[in-house]
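The primary structure of each chain is shown beneath.
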Amino acid sequence: MKQFVENKLLSDLCTFGIGGPARYYVEVHSVEEMQEVLKECKKRGLKYFILGKGSNCLFDDNGFNGLVIHNKIDFMERPSPESFHVGGGYNFSLLGTQTARQGYSGLEFASGIPGTVGGAVFMNAGAGGSETCVTLTSVDFVDEDGKHHVFKKENLVFSYRHSSFQKMPGAIVGATFVLSPSTTARDKQIEIITYRKRTQPYSEMSAGCIFRNPNCGHAGALIEKSGLKGLAIGGAKVSEIHANFIVNTESASAANVLDLIAHIQKQVKEKQNVDLESEVRFIAYEQK
């Protein structure tokens, strides 16, 4: 059985740079290791959180009172030229770049998204009018009993920033995408990453977009229209580059970020009459 590390600082493991220590922490590099660890969690009644690259999440200032399982399952297999079977811990941005370089279209939008394949499937990550589920054909999943399942896409539900896996205890350990040959994929991918670097606070600490886009438009535009660009609470600040990003400017706490999120929601409701819904997952400490 893999040894659990105690008191691992979560601020070192997420893109926000925020969070106290995890009670326990373990890195998992294979499907078999994930099966073993999840079975151990069930046996010990230990709550757990599956971590990828640590984007799209905000850890509690007190840390996490359970086991953080760092998914580093990063294999890549090619069952056919157009089919890419990759581990849940595979770098999603890298996958978008690699497939485009090899002349395949469908994941160019992934370039620059700071997450893993597992995280992208879990959240149905998307950008520029495309999303993860479009080229996805199946998902490898390990449940809490350590059983390995392969779910076909047609047996799963995906919608805007949502997947069936958000209500399924266990871990995404792999995914298969079928892409289309394209002579322009690489040009499109370069265009996407160039635009992203120009229009987002790419070099600053953030969790990615904070709010889901409402039906009536873009969250960033609504926040900017409400005069909130540059607003700060403690070390947490609404980005000057893109208003749907909160950046950690100087030792921000989770409390700073949560207060800023609540303030933005209140102001946008008052000024634009729109309810903004947070996209970032807050992982609470939770006393037993």
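Report follows, based on the coordinates. (Residues numbered from 1 in each chain as written. Predicted model: local features only at pLDDT ≥ 70, side-chain atom pairs only at ≥ 80, totals over all residues. Heavy atoms only, no water.)

1. Considerations on helix H1 (residues 31-44)
- Along its 14 residues, H1 runs 20 Å from first to last C-alpha, staying within 8% of the 20 Å computed at 1.5 Å per residue.
- Among all positions of H1, only Val31, Met34, Gln35, Val37, Leu38, Glu40 and Cys41 are buried.
- Those residues of H1 that are buried are in contact with strand E2 (21-28), strand E3 (48-51), strand E5 (64-71), strand E11 (136-143), strand E12 (148-152) and strand E15 (170-178). (Helix = DSSP H or I, 4+ residues; strand = E, 2+ residues; numbered from the N terminus. Expected span 1.5 Å × (residues − 1). Buried < 20%, exposed > 50% of the residue type's maximum accessible area, 1.4 Å probe, protein only. Contact = heavy atoms within 4.5 Å.)

2. Some points on the sheet that holds strand E1 (residues 5-9)
- On the basis of which strands lie adjacent, the open sheet formed by four strands has the order E1-E2-E5-E3 and mixed pairing. Whereas interior strands pair on both sides, the edge strands pair on one side only; in this sheet they are E1 and E3. Between one strand axis and the next, the sheet turns by 45° as a mean value, whatever way the strands run.
- The pairing of E2 with E5 spans six bridges and is classified as parallel. Across the sheet, residue alanine 22 finds its bridge partner in E5, namely phenylalanine 64.
- In the packing of H1 onto the sheet, contacts are made with E2, E3 and E5, and the angle to E5 comes to roughly 165°. (Pairing = 2+ DSSP bridges. Axes fitted to C-alpha atoms, helices over the stretch in contact; angles between N-to-C directions.)

3. Describing the side chain of threonine 176
- By the element assignment, threonine 176 lies in strand E15.
- On the basis of relative accessible area, threonine 176 is assigned to the buried category, the value being 11%.
- The contact partners of threonine 176, leaving out residues within four places of it in the chain, are Ser83, Phe84, His85, Thr135, Leu136, Thr137 and Ser138.

4. As for the sheet that holds E12
- One open sheet holds the five strands; their spatial order is E6-E7-E15-E11-E12, and the pairing between them is antiparallel. Looking at strand neighbours, the two that pair on one side only are strand E6 (76-80) and E12, the edges of this open sheet. Between one strand axis and the next, the sheet turns through 20° on average, direction left out of account.

5. Looking at helix H2 (residues 92-101)
- Among the ten residues in H2, seven count as buried, and that is most of the element.
- The inward-facing, buried residues of H2 abut E6, strand E7 (83-87), strand E8 (104-105), helix H3 (117-123), E15 and helix H4 (185-199).
- The residue sitting at the N-terminus of H2 and contributing the capping side-chain oxygen is asparagine 91; that oxygen lies 3.0 Å from the backbone nitrogen of serine 93.
- Just downstream of H2, glycine 103 is the residue with a positive phi angle, here 85°. (Polar contact = N/O pair within 3.5 Å; in protein donor to acceptor, adjacent residues only side chain to side chain.)

6. Some points on the pairing of E6
- Pairing geometry for E6 and E7, over three bridges, is antiparallel. In the strand pairing of E7, glutamate 77 is matched with histidine 85.
- Counted along the chain from E6 to the antiparallel partner E7, the turn is two residues long.

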